[in-house]
Each structure stands twice: as C-alpha cells, then as structure tokens.
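# Working through the structure, step by step
Spelled out from the first residue to the last, the chains are:
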Amino acid sequence: MRLALNCGCGEIEQFLGQYSHFGAPVKDLSRFEALCHKLGDPQDKLRYIHIVGTNGKGSVAEFCASSLAAAGFTAGKFTSPYVRSVCERIAIGYPDGLYEISCADLARLLNKVADAAEQCGGLEFSQFEILNAAAFLFYAEKRVDWVVLEAGIGGTLDSTNVIKQPECAVFTSIGLDHTKILGGTVEEIARSKCGIIKGGNAVAALDIPEPAMDVIRERCAQTGARLITPDRSELEILEKPGLRGSRFRYRGQEYRLNLGGAYQVTNALTAIETCAGVTPAHIAMGIERARIPARMELLPGDILLDGGHNPQAARAVRSALEDSGYERRTAFIGMMNTKDHRAFLQEILPCFDRVYFCDGFSEGEVPAEELRRISGLDGAEIFHSPREALKFARRDREGGLMYFGGSFYFAAAVREYLV
C-alpha cells in the first residue's frame, strides 16, 4: 500500500495499520538502525532532548518545545499518543506557535520509509518505528535547531534511542507500567529506561523512587553524565494548583501554568532544569503558552477530559479532583485492555459520587460490562458509545464536575463532540 499525497488522516492511519503495534520482539536496536541507514541516517543530523518516564513525558515535552520556541529556536516535538490526528505526533514549535506536519508531507515521508523498510530483507517493523523514521526525516529536512523526542515504551530498546548522545536525557517519573515488557520493579523499569543516558546532562524529576534514582545515579557515573534534579527549596507556590492551573516562583522567576493538577508543577520544574540554557523569562513564556488536549483539560460545561491510564495517573487525577472545590463529581470511564484497569479503578473511583462505564471507542477497549464487574458497582449504568455517554451527561447532570477518562482513546473520542 502506498499513500496519495492528497490523502487524509484516515488513509494514513490505515497505512500504518499494515504494520503491527509492536513488530517482531526487540533484543537490540539493529532492526531500526538498518532502516535509518537505508534512509541516510537522518537522526545523526539533529540534536536532542530525549524524554522517558512512566507519566509526564508529553507534558514535559510540550513545556520544553514551547520554551525553546519562545526563545527563538525551531523545536521539533515527537510525541505519542495523539488526540485529534496522527499528524499531532510530529510537530515543530516556532516562535509564533506549534505547527503539525501536514498530511501531504507525512504521506510523502511514510512512502519513503515504507520503500526503505522493504529493502531491509523482511524485517518486521512496528507502527511506532515507521512513524519514528518519518519524524527523523522531517526534522532533518526542516533543519530544526532541536528535537524534543519522547520515547514510546522504556528507553534503552525503544527506537528513539537510535540517536547518539542527546544534549539532555530526561526522566519524568518511574512507576509500574508496561511491566510485562519493562519489568516488575521500579529498579528494573529504571534500567530499561537508563540506556538513554550516554553522557552529557541527565535531568531526573522530583519524587522519583529512591531505588530507581540509585539506578539513574549508577548509569550517570558509568557514562560521565551530569545528573541534575530540581531544588525543592527554591520552589514557592504562589497560587495553589487547581484544575485551571497554578502559579509558582522558582529560582526567583515567576511561572504561570494553564494546565491543571499539582503534578504539572513537578513537570514544569523538570522542563525548567532541562532548558537551563534558555533564559528563565523565555521558559516562563513557553510554559504559560503550553496547552495539551485531553490532559486534565477542563472544557465549558464543567467537563474534564484526561487520558491518564495507570495507577500513578489515577492518583494524580484523584488528588486534583479532591482539591478542585467541586462538591459533586461524576465519572464516565473507558479503558484499553493493555492497561492495569483494575488498579486504575481501585485508585480513582473513591473520589466520585456517581460512576458510569463506556466502550465503543477502540478495538482494544475493555468491555464496559467488564469494567463494571471489576469495580464492584453492579448497579452502574453502561454506554456503548462515547457520544451517547456525553448526551446523557449533558441531559441528566445534577451540577458538579463531569470527568471523562481512563484512556486517551476514550478522551479523544469524547473530545470530537466537544471541540
């Protein structure tokens, strides 16, 4: 299958669907290295901020790219997943805003990557690898000053780690997620990510578990990397974090966040330390401009969308909701079967007055009946369409906050009818 240059997002998603989600099992990066070499090794022409972590990668990537752009740099931003369009995943921040790759450019580059993949002797590539290669080509063509590169799963064996030493290796958090792939302890998961440290600078966020920090310190010592962590004593909260953002001072500079949740302050501090070569005023401008759809996104009608899908994300959302000031809180939850939905529900359900479950948004979803069974809320109503769930929420609401979350796919499906 090849893409026409006038195709749309639907055709691009269908094209990517001819590749598997994970490709053949990965033991090293030789497969992706072969593909990049066929393409002329575009990744070697760029400089990087490489980001790994259980949660917070997308937020830190947005803060970094926005801050670099505010300082006058061109900053590529490669992230996942997407909410509206697959083109969101490959974007460039310019001083006047963030621009996604066009469907025409993405189609052209994907065709080029597909041709190279066919020349690699039958190697089974994943969708992520194909899109990652297209991103490298795009950023090399545009000669961006920086690439803010978000890893997919793990770090050491993630295709993004084909790059040489990044300017900065960033750790946003370390928790239990993708345990079948990365390991069942925070130490194992940290080791699976630490391969991105190859010298230079490494930034580790506040509150990473100490056993994981030991692994990061060990890797820094092995590679000669300089480890940087935010200084909690330099942080002053000026406006308590809420669903509409917060305000704080760090190392004498005031910052305004328009993203909800106390955890976004932690993400912002990580980005500030990562972008230490940029003036604090430009970083403050970039952080204030940052917007991320379906990440604690409060929309008109007191509707909150959040794609957080693991227990750590559930704790962060629960904390934000309990401090939100809303006396009544209603949840509509849809989840994917690749996530620990049992642990997520145990963590988040206690903060809601009413709960509904939904499916009908993705092939890999958990049936709404299964979510209801696991929750123990036998009387909870279920919906088989995000649109019907939203219609019900608007018609039957008794005031208070309406939360739609548990999966980016679910939040994105709901968002289509709101924005």
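Analysis parameters
- Counting restarts for each chain: residues are numbered from 1 in the order of the written sequence.
- Totals for whole chains, interfaces and linings use every residue, but because this is a predicted model, local features are given only for residues with pLDDT of at least 70 and side-chain atom pairs only at 80 or more, for both listing and counting.
- Side-chain numbers here rest on the full set of heavy atoms in the structure, without hydrogens or water.
- Elements are defined by DSSP. Helices are runs of H or I of four residues or more, strands are runs of E of two residues or more, and each kind is numbered from the N terminus.
- For the radius of gyration, the atoms used are the C-alpha atoms, and the globule rule reads 2.2 Å times the number of residues raised to 0.38.
- Relative accessibility thresholds used throughout: buried, under 20% of the residue-type maximum; exposed, over 50%; partly exposed, between the two (1.4 Å probe, protein chains only).
- When checking whether two residues touch, look at their non-hydrogen atoms; a contact exists if any pair is within 4.5 Å.
- We score Asp and Glu as negative and Lys and Arg as positive, and we do not count His or the chain ends.
- Working definition for charges: the position is that of NZ of Lys, CZ of Arg, CG of Asp or CD of Glu.
- At least two bridges found by DSSP between two strands is the condition for calling them paired.
- A fitted line through C-alpha atoms serves as each axis, taken over the contacting stretch for helices, and the angle formed by two N-to-C directions is quoted from 0 to 180°.
- In this analysis, the protein atoms alone were mapped onto a 1 Å grid. Cavities are point sets where a 1.4 Å probe fits without being able to get out; pockets are open sets with protein on both sides within 12 Å along at least five of seven lines; lining residues have an atom within 4 Å of a point.
- Grid points are joined across faces, edges and corners, and a volume is the space filled by probe spheres set on the points.
- Gly falls in the polar group here, along with every residue not listed as nonpolar (Ala, Val, Leu, Ile, Met, Phe, Trp, Tyr, Cys, Pro) or charged (Asp, Glu, Lys, Arg).

## With respect to the overall build of the protein chain
Along the backbone of the protein chain there are 15 helices and 17 strands. Taken over C-alpha atoms, the radius of gyration comes to 21 Å for the protein chain, in line with the 22 Å a tight globule of 419 residues would show. Projected onto its principal axes, the C-alpha positions of the protein chain cover 60 × 55 × 45 Å. A total of 419 residues make up the protein chain; the buried ones form 57% of that total. The long-range share in the protein chain, meaning contacts at least 24 apart out of those at least 6 apart in sequence, stands at 71%. A gap of 2 Å separates the mean positions of the 47 positive and 54 negative side-chain charges of the protein chain.

## Let's talk about the sheet that holds strand β7 (residues 201–204)
Pairing is mixed across the open sheet formed by 8 strands, whose spatial order is β4-β3-β2-β5-β1-β6-β7-β8. Both outer strands of the open sheet, β4 (97–100) and β8 (226–228), are each paired with one neighbouring strand and no more. Neighbour-to-neighbour, the strand axes of this sheet turn through a mean angle of 20 degrees, independent of strand direction. Here strand β6 (residues 168–171) pairs with β7 via 4 bridges, running parallel. Bridge pairing in β7 links V170 to V203.

## Describing the layout of surface pockets
Remark: the empty space left among the atoms is shown by a probe the size of a water molecule rolled over them. Here the second largest pocket defines a volume of roughly 410 Å³. If you go around the second largest pocket, you meet 24 residues; those closest to its centre are E62, K77, R291, I292 and P293. Mapped onto the lining of the second largest pocket, the elements with two or more residues apiece are α3 (57–70), β4 and β12 (297–299). For the lining of the second largest pocket, a count of residues per class yields 11 nonpolar, 3 polar and 10 charged.

The values reported here are purely geometric and, on their own, carry no functional implication.
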